Amino acid sequence: LPICPNGSCQLSLEELFDRAVKLSHYIHFLSSEMFNEFDERYAQGRGFIAKAVNGCHTASLTTPEDKEQAQQIHHEDLLNLILGVLRSWNDPLIHLASEVQRIKEAPETILWKAVEIEEQNKRLLEGMEKIVGRVHSGEIGNDIYTPWDGLPSLQLADEDSRLFAFYNLLHCLRRDSHKIDNYLKVLRCRLIHDNNC
Amino acid sequence: SPPEKPTIVKCRSPEKETFTCWWKPASDGGLPTNHTLLYSKEGEEKVYECPDYKTAGPHSCYFDKKHTSFWTIYNITVRATNEMGSNVSDPHYVDVTYIVQPDPPVNITLELKKSINRKPYLVLTWSPPPLADVRSGWLTLEYELRLKPEEGEEWETIFVGQQTQCKMFSLNPGKRYIVQIHCKPDHHGLWSEWSPEMYIEIPTDFKVKD
Amino acid sequence: SPPEKPTIVKCRSPEKETFTCWWKPASDGGLPTNHTLLYSKEGEEKVYECPDYKTAGPHSCYFDKKHTSFWTIYNITVRATNEMGSNVSDPHYVDVTYIVQPDPPVNITLELKKSINRKPYLVLTWSPPPLADVRSGWLTLEYELRLKPEEGEEWETIFVGQQTQCKMFSLNPGKRYIVQIHCKPDHHGLWSEWSPEMYIEIPTDFKVKD
């Protein structure tokens, strides 16, 4: 049960990390399924993968790309990076949830996932701000953020271009949500389990 | 006289997204008494009032998604007030993750089969409650089943982890069994109610559908 | 004649830190032919050559940690060249995140125990494959086990998530079972091979070590 020393209750850092990891795992699970469903239904044979190279709006954020980098980066910097990536997805997820409704015969499962991911992403952001507040010695860095200007491309008249814009956004969401999930699992093992998960 | 202090009975969340608390009024001192549910969140001074007294019926407060956070612990009290004064309940601490109580499993099937050595065994299958199924991976459920001969006293309970099927071998031919299943979130949370009772009769000598 | 264009067969990473690609040469036009693997990485114009043709055997290219990046798309081609000319394979797009196939779990133990109601159950424990660094959290593995009566046809498969132990209840006394386990990274990647077969006999009435 929650720890309530002399009436002031507080969730432990371990508890906060366990919930954050469970949520990041779930968000990536949904993002992955949504990408696969879209890919199977709308992208077969269109060669989108070759064009999707280097198309993510968060590409400018230097994030760890292998185990060594993920282990060497200071945990406060990695936490700020996670916050930055999450914030950078707030805006596109709001529009994704509404624009997906306009895709021809968009299956209910894609629509539902877009809304669910948007909600859970906000929830994970709330949790990460709480974790950073606990872990951070200094002020919470609000500066890491990359703007998204992809809305017009989701509304293009030409179907192929519009579908590619969706494909690219879902491809990037799958990639970034996987990064966040992986980094949180590394941080949990480092900060909570002394690298002995 | 002022009303006696009410008691917060319980708080429950069906799916880790919303939750509801119920309280029990005490004696109202013979005067019209109204109740106010107040709460604060860990690490915040601000005190909020119940967002919705209606949805979950009398003496209840319903917290919708917007008002439900599972990153914090709620400190909840209920104040009873009449013209002579008021009285406040003891504080009730709520961590949403610990009060998740799912609905029972559904689509339960029982099928009698015969193993190669002709002994009968029972195959049970079931599905997670609809709400949890939609959120697989977010709400991971564990299951426990219980069965007993109809006229028997003692239930035999078997924990089956996250599986949604189970084989029961040691059954007595000629007996009629009652079977029920319930579920609970892994780690924290509470067991659901038991599913409705289901009956299966183990024939004394039965033919397997080939 | 110039060689026909080779085909990139597959790329695999055993522990989400390095990876290897294999290709299949096509007809060499009757002349000595050599192969060059070239790759470029997402966001870079530069084209690199395979860093190590040796470590993983013939017709292969091994990318060590220094040359392996995640969440980035490699565009890989193989060129076959003889004195008459050369031919290039179709491009093979790879993100190492999605091609991790671990080795099977190790140190599998099977132990028979008796529950309170005298029913036998089996406790299985295992360890992650040695190559896989699960301690740092960089790689998270999920496990699935299967078992069947020795003379039975149908495997019963049970997904156990990230646990490294499992209790099996529904076992048929007097039966000899075959048990195997395999693993996969969470989310993406491929199931490992199954672990070697292990056998366990469920005695008809057995005494538990008190």
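What you see is a predicted model, and the numbers here were worked out from it, not measured in a lab.

**Considering the interface of chain A and chain C**
The interface is formed by 30 residues belonging to chain A together with 26 residues belonging to chain C. For the pair chain A and chain C, the summed buried surface comes to about 2,400 Å²; carbon and sulfur atoms form 53% of the total. Looking only at chain A, the three residues that lose the most surface to chain C are A:Glu65, A:Lys67 and A:Arg175, adding up to 26% of its buried area. Along the contact surface separating chain A from chain C lie five salt bridges. Of the charged contacts, one joins C:Glu17 and A:Lys67 as a salt bridge, the two residues approaching to 2.9 Å between their closest N and O atoms. In this assembly, chain A and chain C are joined by 15 residue pairs in polar contact (both at pLDDT 80 or more). Sort the elements by how many residues they give to the side of chain A that touches chain C and helix α7 (residues 159–191) of chain A lands first, with eleven residues. A per-class count over the side of chain A that touches chain C returns eleven nonpolar, eleven polar and eight charged.

**Section: the packing of aromatic side chains**
Counted under the stated rule, the structure contains 26 aromatic pairs over all chains. Summarising the aromatic geometry, the rings of C:Phe19 and C:Tyr74 are spaced 5.2 Å apart at their centres and angled 70 degrees between planes, so their arrangement reads as edge-to-face. Taken together, the residues span a long stretch of sequence, with C:Phe19 in strand β2 (residues 19–24) and C:Tyr74 in strand β6 (residues 74–82) at a distance of 55 residues. For C:Tyr74, a relative accessible area of 0% translates into the label buried. Feature note: the residues B:Phe19, B:Tyr39, B:Tyr48, B:Phe63 and B:Tyr74 constitute an aromatic cluster, connected by ring pairs. Positioned above the aromatic ring of B:Trp22, the side-chain terminus of B:Lys10 is 5.4 Å from the ring centre. Its end group placed over the ring of C:Trp155, C:Arg146 keeps NZ or CZ at 4.1 Å from the ring centre.

**Let's talk about the interface of chain B and chain C**
Contact with chain B, which involves 14 residues of that partner, is made by 14 residues of chain C. Across the chain B to chain C interface the summed buried area is about 1,100 Å²; carbon plus sulfur atoms make up 47%. Applying the counting criterion to the chain B and chain C interface returns one salt bridge. Between B:Lys167 and C:Glu156 there is a salt bridge, and its shortest N-O distance comes to 3.3 Å. Our count for the chain B to chain C interface comes out at two residue pairs in polar contact (both at pLDDT 80 or more). Where the side of chain B that touches chain C is concerned, the elements lending two or more residues are β12 (156–161) and β13 (165–168) of chain B. Across the side of chain B that touches chain C, the residue classes break down as five nonpolar, six polar and three charged.

**Topic: the state of the cysteines**
Counting across every chain of the model gives six disulfides over all chains. Here A:Cys56 engages in a disulfide with A:Cys172; their sulfurs sit 2.2 Å apart. Between A:Cys56 and A:Cys172 the disulfide shows an S-S torsion of about -90 degrees. By sign, it is left-handed. Of this pair, A:Cys56 sits in the loop between α2 (48–51) and α3 (67–72) while A:Cys172 sits in helix α7, and the two are 116 residues apart along the sequence. Exposure remark for A:Cys56: the relative accessible area of 10% places this residue in the buried category. With its sulfur 2.1 Å from that of its partner, C:Cys11 forms a disulfide with C:Cys21. Between C:Cys11 and C:Cys21, the S-S dihedral sits near 110 degrees, and the bridge is therefore right-handed. Of this pair, C:Cys11 sits in strand β1 (residues 7–12) while C:Cys21 sits in strand β2, and the two are ten residues apart along the sequence. Indicated for chain B is the disulfide connectivity 1-2, 3-4, based on numbering the bonded cysteines in sequence order. Cysteine B:Cys166 shares no disulfide, and the gap to the nearest cysteine sulfur, in C:Cys166, comes to 12 Å. No disulfide involves B:Cys183; its sulfur sits 15 Å from the nearest other cysteine sulfur, which is in B:Cys166.

**Observations regarding the sheet that holds β13(B)**
All names here are of chain B. Read from one edge of the open sheet, three strands run β9-β10-β13, paired in antiparallel fashion. Strand pairing shows two members of the sheet lacking a second neighbour, β9 (106–114) and β13, which therefore form its edges. Taking each pair of neighbouring strands and ignoring which way they run, the sheet shows an average axis angle of 15 degrees. Relative to β13, strand β10 (residues 120–127) is paired through four bridges, and the arrangement is antiparallel.

**Some details on helix α4 (residues 75–99) of chain A**
In an α-helix, one turn spans 3.6 residues; hence positions three or four apart end up facing the same way. With 25 residues, α4(A) extends 36 Å from end C-alpha to end C-alpha; this agrees with the ideal 36 Å at 1.5 Å per step. The element α4(A) is extensively covered by neighbouring structure, given that 18 of its 25 residues are classed as buried.

**A few points about empty space enclosed by the protein**
Overall, the coordinates contain four cavities of 30 Å³ or more when judged by the stated rule. Counted as a void, the largest cavity has a volume near 60 Å³. Taken together, A:Ser24, A:Ile27, A:Leu86, A:Trp89, A:Asn121, A:Leu124, A:Leu173, A:Asp176, A:Ser177 and A:Ile180 form the lining of the largest cavity. Elements with a contribution of two residues or more to the lining of the largest cavity: α1 (13–43), α4, α5 (108–135) and α7 of chain A. If one sorts the elements of the lining of the largest cavity by residue count, α7(A) sits on top with four residues. Here the second largest cavity defines a volume of roughly 50 Å³. In this structure, the second largest cavity is lined by A:His178, C:Lys16, C:Thr97, C:Val100, C:Leu139, C:Pro185, C:Asp186 and C:His188. A per-class count over the lining of the second largest cavity returns three nonpolar, three polar and two charged.

**Comments concerning the confidence of the model for chain B**
Do not read the fine detail of predicted coordinates wherever pLDDT is low. Residue and element names in this part refer to chain B. Residue-level pLDDT values for chain B average 89, and 94% of them are 70 or greater. Mean pLDDT across the elements of chain B bottoms out in helix α1 (residues 130–134) (72) and peaks in strand β5 (residues 60–63) (98). Scored as a whole, the predicted complex attains pTM 0.89, and scored at its interfaces, ipTM 0.86.

**Some remarks on α7(A)**
With 33 residues, α7(A) extends 47 Å between its outermost C-alpha atoms, agreeing within 8% with the 48 Å of an ideal straight helix rising 1.5 Å per residue. Here α7(A) lies mainly inside the structure; 28 of its 33 residues are buried.

What counts and what doesn't
Residues numbered from 1 in each chain as written. Chains lettered and ligands numbered in written order. Predicted model: local features only at pLDDT ≥ 70, side-chain atom pairs only at ≥ 80, totals over all residues. Heavy atoms only, no water. Contact = heavy atoms within 4.5 Å. Buried area = accessible area lost by both parts, 1.4 Å probe. Salt bridge = Lys/Arg side-chain N within 4 Å of Asp/Glu carboxyl O. Polar contact = N/O pair within 3.5 Å; in protein donor to acceptor, adjacent residues only side chain to side chain. Helix = DSSP H or I, 4+ residues; strand = E, 2+ residues; numbered from the N terminus. Nonpolar A, V, L, I, M, F, W, Y, C, P; charged D, E, K, R; others polar. Phe/Tyr/Trp six-rings, centres within 6.5 Å; stacked < 30°, edge-to-face > 60°. Buried < 20%, exposed > 50% of the residue type's maximum accessible area, 1.4 Å probe, protein only. Lys NZ or Arg CZ within 6 Å of the ring centre and 35° of its normal. Disulfide = S-S within 2.5 Å. Pairing = 2+ DSSP bridges. Axes fitted to C-alpha atoms, helices over the stretch in contact; angles between N-to-C directions. Expected span 1.5 Å × (residues − 1). 1 Å grid on protein atoms, 1.4 Å probe; cavity = no way out; pocket = protein on both sides within 12 Å on 5 of 7 lines; lining within 4 Å. Points joined across faces, edges and corners; volume = space filled by probe spheres on them. pLDDT = per-residue confidence, 0-100.

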